[in-house]
Structure formats: C-alpha cells, structure tokens
Amino acid sequence: MLAYMTIFTTSFVVAFSGALMPGPLLTATIGESTRSGPWVGPKMIAGHAVLELFLLLGLFLGLTPLLKNEIFFIIVAVAGGGIMIWMARGMFRSIPALELSTSANSKNKVNIYLAGILMSLANPYWIIWWATIGLGYILHSQKLGFAGIALFFTGHILGDLVWYSSISFAVGKGRKIFNNKVYKILIGTCAVFLTLFSFWLIYDGIQRIVNY
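Everything quoted here is computed from the prediction, not taken from an experiment.

**A few points about the overall build of the protein**
Thinking step 1. Helix and strand counts for the protein come out as 10 helices and zero strands.
Thinking step 2. When the helices and strands of the protein are listed from N to C terminus, the series reads α-α-α-α-α-α-α-α-α-α.
Thinking step 3. Split into buried and exposed, the 212 residues of the protein put 44% on the buried side.
Thinking step 4. In the protein, the proportion of contacts linking residues at least 24 apart, taken out of those at least 6 apart, comes to 89%.
Thinking step 5. For the protein, the exposed surface amounts to about 11,100 Å²; the carbon and sulfur share of it is 73%.

**Quick look at the nonpolar core**
Thinking step 1. Core analysis: the largest hydrophobic core is formed by 44 residues, its most contacted members being Met44, Leu56, Trp130, Ile138 and Phe152.
Thinking step 2. Looking at this core, the elements with two or more residues in it are helix 3 (24-36), helix 4 (40-60), helix 6 (70-94), helix 7 (109-121), helix 8 (124-141), helix 9 (145-173) and helix 10 (180-211).
Thinking step 3. The dominant element in this core, judged by the number of residues it contributes, is helix 4, at eight residues.
Thinking step 4. Filtering out sequence-adjacent residues up to four positions away, Trp130 remains in contact with Glu52, Leu55, Leu56, Leu59, Leu135, Ile138, Phe152, Phe153 and His156.

**Description of the confidence of the model for the protein**
Thinking step 1. For the protein, mean pLDDT is 80; residues scoring 70 or higher make up 89% of the total.
Thinking step 2. Within the protein, helix 4 carries the highest mean pLDDT (91), whereas helix 2 (residues 16-19) carries the lowest (68).
Thinking step 3. Every residue in residues 102-110 is under pLDDT 50, and counting partners more than four places away or in other chains gives 10 contacts.

Conventions and cut-offs
Residues numbered from 1 in each chain as written. Predicted model: local features only at pLDDT ≥ 70, side-chain atom pairs only at ≥ 80, totals over all residues. Heavy atoms only, no water. Helix = DSSP H or I, 4+ residues; strand = E, 2+ residues; numbered from the N terminus. Buried < 20%, exposed > 50% of the residue type's maximum accessible area, 1.4 Å probe, protein only. Contact = heavy atoms within 4.5 Å. Areas by Shrake-Rupley, 256 points an atom, 1.4 Å probe, with all protein chains shown as cover. Core = buried A, V, L, I, M, F, W, Y, C linked by side-chain atoms within 4.5 Å. pLDDT = per-residue confidence, 0-100.

What follows is the structure, given as structure tokens:
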C-alpha cells in the first residue's frame, strides 16, 4: 500500500514541475478565463488529459524513440511557434473591441477543450517532459502493474488540474473587479508572451537545424 501511495503522491507533486512553468497552455487559460469564467481551467485540463492519455498509450506502443528524435522536436517547435504567432495576432487584433462579459459564453465550450489539446501540442517542451520525467515515472510505476500506471496518471492529472483550476478561478472571479482597460492589458500581455515564446521556439528549432 505504501508503494501505491508513494507513486500517487510523488506523481502529483512532480506534475507541478511542468504545470508551474509559464507556457502557451497557461497563457491561453488566463486569457480565456477573463472571457469565459472560472471553469476554463478544468476544461483546458480535460482536453489536455485526453491528449496525455493517448500519449501514454503511444509510449507503450513504441513512441519513445520518436519523441526523443531531434527532427521531430524541430518540426514541433517550428509548427508550434507558427500556431502561437497566429493566436497572438488574433489576440492583438481583438484588443480594440474587447469588452468584459459578465457571464460565460457557452459557445466557447468546444473551443476551450480543443485549446487544451492544441496548446499542449504546440509546446515541444511538454513532449520533452514526457520523454524524460514522464517516461521515467512510467517505467517505475509499471512495476506495480496497471494500478501503478493508473495511480501515476491520476496523480499527474490532478496536479495539473489543481494548478490550472486555481489560476482560472482567480482570474475568472476577478472579472468582477476588472474594468475594460485592465482586461485589454491582460489580453495584450498574454499575446506578447505568446509572441515571445513562439519566437524562442522557432529560434531554437532553427538553431537545431543549423547544428544538426
């Protein structure tokens, strides 16, 4: 029983090594929470969790060499950077007409779930986490059979859920004290971060091409 609790607890804690790092998923969560309310975080992580479940299955089916492949990283970095630039451009263009909404927009439900998937895929460092830390945990937890794998994955997702839910609830509830000016500044800041992060990814990808 102690071994099972250790897998779950450490997986929960180690999940924060990825969740606490600023990235496109966090930026998208903050930006969307101001528009759609405090439940954005759990919805983002729902999409994120589905993607990670498929990745977990993929690792068992032999995806590990692909995730560690330099060319694969380069493709994801450049493509992910392009997606982020496109998103940031849309955020910048929307700023002049932005107005705070007093209620969540139900039309955004599907988009939020998809954003959880797309923003994870757009970040190659999420892939690196799974190809290193995540894979190490899988190899260790599988010694306890299916229950060990299930506890690892549950602890990992709960770690993500706690952090992103905390962020989106803080921002979403804060809509009551935000004015339109603060709202536009927040969205603009998120757009700037996405732009800088995308340039960094593309630069990293190009550097790897040069050194390949």
